[in-house]
Amino acid sequence: MEKILEVKNISKKYQNREGEIMALKNVNFRVNQGEFVSIIGPSGCGKSTLLSIIAGLEKKTTGEIYIEGEKVENISSKIGYMLQRDCLLEWRNILNNTMFGLEVKGMKNEENKAYVKNLLKKYNLYEFKDKYPSELSGGMRQRVALIRTLAVKPKILLLDEAFSALDYQTRIMVTNDIYSILRKENITALIVTHDISEAISMSDRVLVLSKRPGSIKDIHKIDFGMENRTPINCRENPKFSSYFNTLWKELGVDE
Ligand code: ADP
Ligand code: MG
């Protein structure tokens, strides 16, 4: 399989008033084209730090990041980033929100505009294009945020607790929805979550980080052997609880 992201020997030391905090230690892994990989680990173990380093937003202390074999030195245009807050601009309508990334990057040409409109149509948002974010549900807002992110055709999408602001019921529906869009558009995704079930239901592999300084404790392959896999039908699969128990135990053990 073709690798798209390579994380090599990443360590991160933060400097603050009390001294140094070692946030990450010797993190190594790869993500292949089209793969969905989740990262789970205790709160404060460095998950967000790791994503920020991969995106080129935060400096690393040691190591290298490669995307499609190219070293990431500063903010990478090959990366899309989705956060817990959808960061939609309330004063722009839906169409203009989804075009925002293209504008910022100077990529708003006819071809890209058509691509965005097509995504809006395909994912049932086109009829809402003249509405404003406050008129949409939380789930629809996340879908708009996703289309804005996909508009610039990132090579890999990073999601940092992207669904954790939603209530449980909505979260299940939205993850199902977003998952199917990402699969259809053949996107590669790296998903940070503190939710073990979300990680299992969405991923091909789950990386478990140790408590701070975060390092990789284990990597689990998730394979339900289903053809038309969705997060919801994974949750109903008999194998789900055995994956859950393994990860639960692994997260609970302090070294
Ligand atoms: P997680 O996302 O796994 O909860 P973070 O990556 O946010 O963890 O944080 C890892 C550790 O680094 C925490 O102890 C946090 O307090 C510390 N940290 C994060 N950002 C900074 C910063 N800008 N300056 C100093 N320390 C930080
Ligand atoms: Mg975090």
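How each quantity is defined
Residue numbers here run from 1 along each chain, matching the order of that chain's written sequence. As a convention, the first chain written is A and the first ligand written is 1, with the rest following in written order. In keeping with the predicted nature of the model, local features appear solely for residues at pLDDT of at least 70, side-chain atom pairs appear and are counted solely at 80 or more, and the whole-chain, interface and lining totals rest on all residues. Side-chain measures here rest on the full set of heavy atoms in the structure, leaving out hydrogens and waters. Buriedness for pockets is judged along seven lines, at least five of which must meet protein on both sides within 12 Å for an open set on the 1 Å grid over protein atoms alone, while cavities are sets there where a 1.4 Å probe fits but cannot get out, and lining residues have an atom within 4 Å of a point. Grid points are joined across faces, edges and corners, and a volume is the space filled by probe spheres set on the points. Counted as salt bridges are all cases of a side-chain nitrogen of Lys or Arg within 4 Å of a carboxyl oxygen of Asp or Glu. The way it works is that DSSP assigns letters per residue, a run of H or I at least four long becomes a helix, a run of E at least two long becomes a strand, and they are numbered from the N terminus. Exposed residues in this analysis have more than 50% of their type's maximum accessible area, buried residues have under 20%, and partly exposed residues fall in between, with area computed by a 1.4 Å probe over protein chains only. All residues other than Ala, Val, Leu, Ile, Met, Phe, Trp, Tyr, Cys, Pro, Asp, Glu, Lys and Arg, Gly among them, are scored as polar; the first ten of these are nonpolar and the last four charged. For the domains described, the bounds stem from an automatic or database domain assignment. Angles here are taken between N-to-C directions and fall from 0 to 180 degrees, while the axes themselves are lines fitted to C-alpha atoms, restricted in helices to the stretch in contact. Here the angle decides the label: under 35 degrees means roughly parallel, over 145 means roughly antiparallel, 65 to 115 means roughly perpendicular, and every other value means oblique. Crossings are assigned a handedness: left-handed for a near helix turned anticlockwise from the far helix by less than a right angle, right-handed for a clockwise turn. A contact between two residues is defined here by any heavy atoms of the two lying within 4.5 Å. When at least one non-hydrogen atom of a residue lies within 4 Å of a molecule or strand, that residue is treated as near it. Here a polar contact is recorded for every N or O atom pair within 3.5 Å, except that within protein the pair must consist of a potential hydrogen donor and a potential acceptor, and residues adjacent in sequence are included only if both atoms are side-chain atoms. Areas reported as accessible are Shrake-Rupley estimates using a 1.4 Å probe. Residue values count occlusion only from the protein chains shown. Two strands qualify as a pair provided DSSP detects at least 2 bridges between them. Stacked, edge-to-face and tilted labels apply to pairs of Phe, Tyr and Trp rings (six-membered ring for Trp) whose centres lie within 6.5 Å, assigned for plane angles under 30 degrees, over 60, and everything in between, in that order.

S.K.: Help me out: how do you make sense of empty space enclosed by the protein in this one?
M.R.: Think of a ball as big as a water molecule: rolled over the atoms, this probe shows where empty space is left. Considering all chains together, one arrives at one cavity of 30 Å³ or more under this definition. Quantified by volume, the largest cavity comes out at close to 30 Å³. Lining the largest cavity, in full, are E161, S164, R171, T193, H194, D195 and E198.

S.K.: Just checking my understanding: could you explain the pattern of salt bridges for this structure?
M.R.: Oppositely charged side chains can pair when the atoms bearing their charge come close. Throughout the structure, instances matching the rule amount to 19 salt bridges. The partner of K108 in a salt bridge is E103, and the shortest N-O contact between them spans 3.3 Å. Across the pair E110 and K113 runs a salt bridge, and its minimum N-O distance is 3.2 Å. Here K113 and E110 lie together in helix 4 (residues 110–122), a separation of three residues that amounts to about one turn. Among the residues examined, E110 registers a relative accessible area of 59% and is labelled exposed. Given the relative accessible area of 24%, K113 is considered partly exposed. Residues joined by salt bridges that share partners form a network here, namely K3, E6 and R30.

S.K.: Mind showing me how you'd approach the layout of surface pockets here?
M.R.: As a volume, the largest pocket reaches approximately 560 Å³. Considering the residues around the largest pocket, the lining is formed by 22 residues, among which G80, Y81, G101, R148 and T149 are closest to the centre. At the level of elements, strand 6 (79–82), helix 3 (100–104) and helix 5 (138–150) are the ones that each hand at least two residues to the lining of the largest pocket. Looking at side-chain class alone, the lining of the largest pocket contains 13 nonpolar, five polar and four charged residues. Two domains each put at least three residues into the lining of the largest pocket: domain 1 (1–78 + 156–174 + 188–255) and domain 2 (91–153). The computed volume of the second largest pocket comes to approximately 180 Å³. Every residue lining the second largest pocket is listed: Y179, R183, D204, K221, I222, D223, F224, G225, M226, E227, N228 and R229. Grouping the amino acids of the lining of the second largest pocket by side-chain chemistry returns four nonpolar, two polar and six charged.

S.K.: How should the packing of helix 5 against helix 6 (residues 168–184) be read in this particular structure?
M.R.: Packed helix pairs are characterised by how far apart their axes lie and by the angle those axes make with each other. Remark: helix 5 packs on helix 6, axes separated minimally by 10 Å, with the N-to-C direction vectors making an angle of 25°. Our classification of the angle between helix 5 and helix 6 gives roughly parallel. At the point where helix 5 passes helix 6, the crossing takes the right-handed sense. Across the interface between the two elements, G139, Q142, R143, L146 and L150 from helix 5 touch T170, V174, D177, I178, I181 and L182 from helix 6. Class assignment of the residues belonging to the contact of helix 5 with helix 6 gives a composition of six nonpolar, three polar and two charged.

S.K.: Sorry, what's going on with the site of ligand 1 here?
M.R.: All residues adjacent to ligand 1 are Y14, A23, P42, S43, G44, C45, G46, K47, S48, T49 and R212. For ligand 1, a nitrogen atom lies 3.4 Å from a polar atom in the side chain of Y14. Contact distances for ligand 1 include 3.1 Å between an oxygen atom and a side-chain N or O atom of R212. Its free accessible area being 560 Å², ligand 1 has 64% of it covered by the protein chains. In terms of residue count, helix 1 (residues 47–54) provides more of the shell around ligand 1 than any other element does, three residues in total. Its residues placed into classes, the shell around ligand 1 shows four nonpolar, five polar and two charged.

S.K.: Would you take a moment to explain the sheet that holds strand 9 (residues 205–209) for this structure?
M.R.: Strand pairing within a sheet occurs via backbone hydrogen bonds; the two strands may be parallel or antiparallel. The strand order 6-7-8-3-9-10 describes an open sheet built from six strands, whose pairing is mixed. Since the sheet does not close on itself, it has two edges, and those belong to strand 6 and strand 10 (216–221), each with one partner. Each neighbouring strand pair of the sheet contributes to a mean axis angle of 15°, computed without reference to strand direction. The pairing of strand 6 with strand 7 (residues 156–160) spans four bridges and is classified as parallel. Across the sheet, residue I79 finds its bridge partner in strand 7, namely I156.

S.K.: Where do I start with the packing of aromatic side chains in this structure?
M.R.: Geometrically, a pair of aromatic rings is defined through the distance of the ring centres and the angle of the planes. Per the counting criterion, the structure on display carries four aromatic pairs. An angle of 85° between the planes, with centres 5.5 Å apart, marks the rings of F224 and Y243 as edge-to-face. Highlighted residues: F224 in the loop between strand 10 and helix 8 (231–235) and Y243 in helix 9 (residues 240–252), separated in sequence by 19 residues. Judged by its relative accessible area of 7%, F224 falls in the buried class. Take Y243: its relative accessible area is 15%, and that puts it in the buried class. Within the aromatic cluster, the residues linked to one another by ring pairs are F224, F240 and Y243.

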